[in-house]
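Residue strings, one per chain:
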Amino acid sequence: MRNKKIPLRKCIVTGERKPKGELLRIAYSKDGVLTIDPSGKAPGRGFYIIIDSKVAEKAKKKNSIFQQMKMPEQDGFYDQLIDYVKTIEGANHGS
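The name recorded for the protein in an unreviewed UniProt entry is DNA-binding protein, from Listeria weihenstephanensis.

1. Remarks on the pattern of salt bridges
Under the counting rule described, the total for this entry stands at four salt bridges. A salt bridge links E22 to K18; its shortest N-O distance comes to 3.9 Å. Residue E22 is classed as partly exposed on the basis of its relative accessible area, which comes to 43%. Here E57 makes a salt bridge to K86, at a shortest N to O gap of 3.5 Å. Highlighted residues: E57 in helix α1 (residues 53-62) and K86 in helix α3 (residues 77-94), separated in sequence by 29 residues.

2. Some remarks on the packing of aromatic side chains
Centre-to-centre distance and the angle between the planes together describe a pair of aromatic rings. If you walk through the whole model with that rule in mind, you get three aromatic pairs. Ring centres 5.4 Å apart and planes at 85° place the aromatic pair F66 and Y78 in the edge-to-face group. Linking F66 in helix α2 (residues 64-69) with Y78 in helix α3, this pair joins segments that are 12 residues apart in sequence. Note on accessibility: F66 and Y78 belong to one class, buried. Taking 6.2 Å as the distance between ring centres and 65° as the angle between the ring planes, the aromatic pair formed by F77 and Y78 counts as edge-to-face. Here Y78 falls in the buried class, since its relative accessible area comes to 3%.

Analysis parameters
- Residues numbered from 1 in each chain as written.
- Predicted model: local features only at pLDDT ≥ 70, side-chain atom pairs only at ≥ 80, totals over all residues.
- Heavy atoms only, no water.
- Salt bridge = Lys/Arg side-chain N within 4 Å of Asp/Glu carboxyl O.
- Buried < 20%, exposed > 50% of the residue type's maximum accessible area, 1.4 Å probe, protein only.
- Helix = DSSP H or I, 4+ residues; strand = E, 2+ residues; numbered from the N terminus.
- Phe/Tyr/Trp six-rings, centres within 6.5 Å; stacked < 30°, edge-to-face > 60°.

Here it is, written out as structure tokens:
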């Protein structure tokens, strides 16, 4: 039996390649709005970030997501991202 290929994705902040399941998808809609996409199925262009609060804070400090996307920064997006990542980390450590 053949092994199923695990899709790898690159973190937009660190550049690390990891299995898709270990990353959080952020969707960029046609309206020009970024949204956190935990399901991985939201419409629009997607990119990924490692589920780690330190990486999310690094993204905020360097404004790396909006620079990569060549778009103006959305108010409160980084804070929302950091809070969401911390929630996921807390849930994973609790189990």
